[in-house]
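# Commentary on secondary and tertiary structure
Next come the chains, spelled out residue by residue.
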Amino acid sequence: MTTSLQQYRDLLAKYLKPQWVRVGLLAFVLLGITGLQLANPQIVRFFIDTAMAGGALDALVGAALIFLSVALLTQLLQVAATFLGENVGWTATNNLRVDLALHCLRLDLAFHKTRTPGEMIERIDGDVDAMSRFFSQFVIQVVGNMLLLLGVLVALFIEDWRIGLALTLFTVAALFVLSRIRNMAVPAMTAQRQANAEMFGFIEERLSGLQDIRANGAGAHVMRGLYRVMQGAYRTGRKAWATDGAMWGITLGMFSVGHVIAFAISAYLFFTGSITLGTVYLIAQYTDMLRRPLDQITEQLKDFQKASAGIGRVRELFGTHAEIVDGTGVTFPRGPLAVEFDSVSFGYGDEEMVLHDLTFRLQPGRVLGLLGRTGSGKTTVTRLLFRLYDPASGAIRLGGHDLREATLDQLRGSIGMVTQDVQLFAASVRDNLTLFDDAVPDERIHEALRDLGLEGWCRTLPDGLDTQLGPGGGGLSAGEAQLLAFARVFLKDPGLVILDEASSRLDPATEQKIERAVSKLLEGRTGIIIAHRLHTVERADEILILDDGRVREQGDRARLAMDRHSHFAHLLRAGMEEVLA
């Protein structure tokens, strides 16, 4: 995976341009540090030569005070540069995280099905974190160090052309070697980042299934798997470290050669009387100063390699585009919405078709009971209605409009869904009800709770709507979480409501408590109830039974129940809980 200089430049421009004032100030501070670094050896050279010549004490004291002042100012500017650099870097990377997270949220469900949450956390946070120094100081530091190199070489030429020429040739050779090994560690760094992502994904997946792992005694199996992924991460990390160490060794060897050249020429010039002892010190200091920018450039190249690996993976992620895209936009009618499946066939990826030529129509305001064995395609129907996937063939219409004509916000704002697994967040009850929409007034929330008969439940909460829930809705029972989910959909006020066995996890007392809420939620709306238990479809107007992705039976619930030869009547006689298991 290669990244061109244009892509580096575009990335820097996009995330640094809004911070141009801080970036400009950072550049000014770093250039000031460079100038002060060049000045200090000159002050020490003056001090040494003046002392050797028996100069006045006032001159020596003045030189010492100037030296200390320059050193103190340099340290202050270093602190300012560190602060500004971190500020710029974190601002840029946080903005990149936001863009990357939003991009991933907009990708299709098929993309997320093939990646664990842990891997995505590492891709969004870990890869971007490796780019922080690239944003904060990379370009400015490289330019600043190149200017420092140029200033040192010019100063050495002014002192003596021979030492200037020798160290210029050394610097050119060192830069040539550094440029040749610039990308040496990028493949190893990329592999290390991928191995870390896989390890985080493994850990996240196992932690989320901790209860089942313990219940089934699979701890040893999980630990063996963890050792295996950790071993892979260690091996890729070791290779990256070895490559990094090789670069450090090459750089150290070059520095040693540079010092040998400087000391040899300085000794020759001093013993021939061409330079003073202070100038010998000056040459030694400037040679050491050559090492510093070269060393920093090497370190920055290491950061650049980490950033290159991260940039490549981020660019790859940004290059992944959703197949489900917004339509031109439609206006769904207010109130209950008609649902129509017209010869719909669908399969997940390369798998066999899950739905085969599915055709049915649900009139506005009617409630459909959707039945079928596990794997018959019931959940797939709901996923297609939300346009989490598009059908392979056929068309799906809501309120008379093809789903592909609507924007995703329009479509998903017109459909509400309650499942047995309620997703709650570590936030207040209010935020969980409104999904962090501050525009929803408390009066509207209380009105919705009142309509659903949940006002009393809200009053039992210690802080009312401000009651804070723990991670995953900690602090609420399964029944209370389900009640909150009903209120959430009611606030959304959709034209179509889908209930996916929303009361299957509740005890009988709590289930009776939400019956009124269900009735109120379906009032004046079209409803689809995915049922696994007999009494769930008692409120349905129509029944649709799926079998292997095909319509096995469809019709009015009362009529089918009266028809002894219908499959629905057979389910009623046999006990649907057992037949559909």
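Calculation rules
- Residues numbered from 1 in each chain as written.
- Predicted model: local features only at pLDDT ≥ 70, side-chain atom pairs only at ≥ 80, totals over all residues.
- Heavy atoms only, no water.
- Helix = DSSP H or I, 4+ residues; strand = E, 2+ residues; numbered from the N terminus.
- Buried < 20%, exposed > 50% of the residue type's maximum accessible area, 1.4 Å probe, protein only.
- Expected span 1.5 Å × (residues − 1).
- Axes fitted to C-alpha atoms, helices over the stretch in contact; angles between N-to-C directions.
- Parallel < 35°, antiparallel > 145°, perpendicular 65-115°, else oblique.
- Left-handed = near helix turned anticlockwise from the far one by under 90°.
- Contact = heavy atoms within 4.5 Å.
- Nonpolar A, V, L, I, M, F, W, Y, C, P; charged D, E, K, R; others polar.
- Pairing = 2+ DSSP bridges.
- Phe/Tyr/Trp six-rings, centres within 6.5 Å; stacked < 30°, edge-to-face > 60°.
- Salt bridge = Lys/Arg side-chain N within 4 Å of Asp/Glu carboxyl O.

With that settled, the discussion passes to unusual backbone geometry. We note that Arg 387 has phi near 55 degrees; this positive angle belongs to a residue other than glycine. Locating Arg 387 in the fold gives a position in the loop between helix H12 (378-385) and strand E4 (393-398). In this structure Arg 387 comes out as buried when scored by relative accessible area, which is 3%. Although it is not a glycine, Phe 436 sits at a positive phi angle of roughly 65 degrees. Within the secondary structure, Phe 436 is located in the loop between helix H14 (429-434) and helix H15 (442-451).

In this model helix H17 (residues 478-492) runs 21 Å from its N-terminal to its C-terminal C-alpha over 15 residues, within 8% of the 21 Å that 1.5 Å per residue would give. Across the 15 residues of H17, twelve count as buried, placing the element largely inside the fold. Within H17, the full set of buried residues consists of Gly 479, Ala 481, Gln 482, Leu 483, Leu 484, Ala 485, Phe 486, Ala 487, Arg 488, Val 489, Phe 490 and Leu 491. Just beyond H17, the residue with positive phi is Asp 493, at close to 55 degrees.

Close contact between helix H3 (residues 57-105) and helix H5 (residues 117-129) brings their axes to 9 Å; oriented N to C, the two are set at 155 degrees. With respect to each other, H3 and H5 are oriented roughly antiparallel. H5 is crossed by H3, and the crossing has right-handed handedness. For the pair H3 and H5, contact is made by Trp 90, Thr 93, Leu 96, Arg 97, Leu 100, Ala 101 and Cys 104 and by Met 120, Arg 123, Ile 124, Asp 125, Val 128 and Asp 129, respectively. Across the contact of H3 with H5, the residue classes tally to eight nonpolar, one polar and four charged.

Below, the discussion takes up the sheet that holds strand E1 (residues 339-347). Reading across the sheet, the four strands line up as E2-E1-E4-E5 and stay open at both edges, with antiparallel pairing between neighbours. Looking along the sheet, the strands with just one partner apiece sit at the ends: strand E2 (353-362) and strand E5 (401-402). Lying over the sheet, H12 contacts E1, E2 and E4, oriented at roughly 110 degrees with respect to E1.

Right, let's get into H12. Each α-helix turn comprises 3.6 residues. Residues three or four places apart therefore point the same way. Burial analysis of H12 places six of its eight residues in the buried class, the great majority of the element. Of the residues making up H12, those classed as buried are Lys 378, Thr 380, Val 381, Thr 382, Leu 384 and Leu 385.

Take Ala 267: it is sitting in helix H10 (residues 219-271). We classify Ala 267 as partly exposed; its relative accessible area is 32%.

Turning our attention to the packing of aromatic side chains. Per the stated rule, a full pass over the model turns up five aromatic pairs. Between Phe 341 and Phe 360 the ring centres are 4.9 Å apart and the planes differ by 15 degrees, which places this aromatic pair in the stacked class. Within this pair, whereas Phe 341 is found in strand E1, its partner Phe 360 is found in strand E2, the two being separated by 19 residues in sequence. Here Phe 346 and Tyr 348 contribute two aromatic rings whose centre-to-centre distance is 4.8 Å and whose plane-to-plane angle is 80 degrees, an arrangement assigned as edge-to-face. Across the pair, exposure class does not vary: Phe 346 and Tyr 348 are buried alike. An aromatic cluster is defined as three or more aromatic residues linked by ring pairs; in this entry it consists of Phe 346, Tyr 348 and Tyr 389.

Now for the pattern of salt bridges. Under the criterion given, the structure shown has 16 salt bridges. Linking Asp 342 and Arg 397 is a salt bridge whose minimum nitrogen-to-oxygen distance equals 3.4 Å. Pair noted here: Asp 342 is in strand E1 and Arg 397 is in strand E4, with a separation of 55 residues, a long-range link. Relative accessible area serves as the criterion here: at 29%, Asp 342 is assigned to the partly exposed category. Judged by relative accessible area, which is 24%, Arg 397 ranks as partly exposed.

These values are about where atoms sit, not about what they do.
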